Amino acid sequence: MTYQQAGRVAIVKRIAGWIIFIPALISTLISLMLFLEKSREQREGINAVMQDFSHIMIDMIRFNTPFLNGFWSRSPVPDFSHGTNFSFWLIYILIFVGLALQASGARMWRQYQHLKEGIEDQLILENSRGAEGRSRQQLEEKLIVPRHTIFLQIFPLYILPLLIATGGYFILKLLGFIA
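Procedures and definitions
- Residues numbered from 1 in each chain as written.
- Predicted model: local features only at pLDDT ≥ 70, side-chain atom pairs only at ≥ 80, totals over all residues.
- Heavy atoms only, no water.
- Helix = DSSP H or I, 4+ residues; strand = E, 2+ residues; numbered from the N terminus.
- Buried < 20%, exposed > 50% of the residue type's maximum accessible area, 1.4 Å probe, protein only.
- Contact = heavy atoms within 4.5 Å.
- Polar contact = N/O pair within 3.5 Å; in protein donor to acceptor, adjacent residues only side chain to side chain.
- Phe/Tyr/Trp six-rings, centres within 6.5 Å; stacked < 30°, edge-to-face > 60°.
- 1 Å grid on protein atoms, 1.4 Å probe; cavity = no way out; pocket = protein on both sides within 12 Å on 5 of 7 lines; lining within 4 Å.
- Points joined across faces, edges and corners; volume = space filled by probe spheres on them.
- Nonpolar A, V, L, I, M, F, W, Y, C, P; charged D, E, K, R; others polar.
- Expected span 1.5 Å × (residues − 1).
- Axes fitted to C-alpha atoms, helices over the stretch in contact; angles between N-to-C directions.
- Parallel < 35°, antiparallel > 145°, perpendicular 65-115°, else oblique.
- Left-handed = near helix turned anticlockwise from the far one by under 90°.

A. Local environment of the environment of Ala-100. Turning to its location among the elements, Ala-100 is positioned in helix H4 (residues 86-128). Judged by its relative accessible area of 0%, Ala-100 is buried. When the C-alpha atoms of Ala-100 and Gln-153 are compared, they prove to be 5.8 Å apart, with 53 residues separating the residues in sequence. Excluding residues within four positions of it along the chain, Ala-100 makes contact with Ile-150, Gln-153, Pro-156 and Leu-157.

B. Representation of the side chain of Ser-75. Of note, Ser-75 is situated in the loop between helix H3 (69-74) and H4. In this structure Ser-75 comes out as buried when scored by relative accessible area, which is 8%. Here Ser-27 takes part through its side chain, which lies 3.1 Å from a polar atom of the side chain of Ser-75. Among residues more than four places away in sequence, those in contact with Ser-75 are Ser-27, Ile-30, Ser-31 and Leu-34.

C. Representation of the packing of aromatic side chains. Under the definition given, this model contains 6 aromatic pairs. With a centroid separation of 5.6 Å and an interplanar angle of 80 degrees, the aromatic rings of Trp-18 and Phe-21 are classed as edge-to-face. With Trp-18 and Phe-21 both in helix H1 (residues 3-42) and 3 residues apart, this pair spans about one turn of that helix. On the accessibility criterion, Phe-21 (15% relative accessible area) is buried. Taking 5.5 Å as the distance between ring centres and 65 degrees as the angle between the ring planes, the aromatic pair formed by Tyr-169 and Phe-170 counts as edge-to-face. Overall, Phe-170 belongs to the exposed group, its relative accessible area being 52%.

D. Spotlight on the layout of surface pockets. Approximately 400 Å³ is the volume found for the largest pocket. If you go around the largest pocket, you meet 18 residues; those closest to its centre are Leu-32, Tyr-92, Ile-164, Ala-165 and Gly-168. Secondary-structure elements contributing two or more residues to the lining of the largest pocket are H1, H4 and helix H6 (154-174). Among the elements that line the lining of the largest pocket, the one with the most residues is H6, at 6 residues. Here the residues of the lining of the largest pocket sort into 16 nonpolar, 2 polar and no charged.

E. H4, seen in detail. For H4, with 43 residues, the first-to-last C-alpha span of 63 Å sits near the 63 Å given by 1.5 Å per residue. Of the residues flanking the end of H4, it is Gly-130, one or two places downstream, whose phi is positive at about 90 degrees.

F. Representation of the packing of H4 against H6 in the model. Their axes nearest at 9 Å, the elements H4 and H6 cross at an angle of 135 degrees. In terms of axis orientation, H4 runs oblique to H6. Handedness of the crossing formed by H4 with H6: right-handed. For the pair H4 and H6, the contacting residues are Trp-89, Tyr-92, Phe-96, Val-97, Leu-99 and Ala-100 in the first and Pro-156, Leu-157, Leu-160, Pro-161, Ile-164 and Ala-165 in the second. Among the residues forming the contact of H4 with H6, the class breakdown is 12 nonpolar, no polar and no charged.

So far we have only geometry, and geometry alone does not tell us how the molecule works.
So this is what it looks like as structure tokens:
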């Protein structure tokens, strides 16, 4: 791929990453709030004050975000005690796919900028040679930019989801939401 194509692909990857990341994050957060609301209804006892506080906060968030009604009605409610929660985990993984896509696009953009500056610098040197110097088009034709796959983004795609899921499990277990 030429370096101009790499610049366009980098922009598309970054935009696609944000388009995937933001709705997946919103849906996952709403799913977790719905889970907390659902588990509040099933539990009674000493945690009543904390449960009432969380209920009020969730209702306030829902009331003040009418533009997210589609998420509030369609986000899957996980059940961590039973079931596989496939749709919840799929949306959760999409958060990190979006992050990896955005990171891959950012890396390609940095390489594109570096190559563009390098061509400008080389063009100055070639112009100093006079008629025997190469043109911008000849310099650009020599450049081939390797493709960057999102699967090489090790931390955002593989490690971060496991760290957050493990931390979330321990927090929910500590607070008594998971039996």
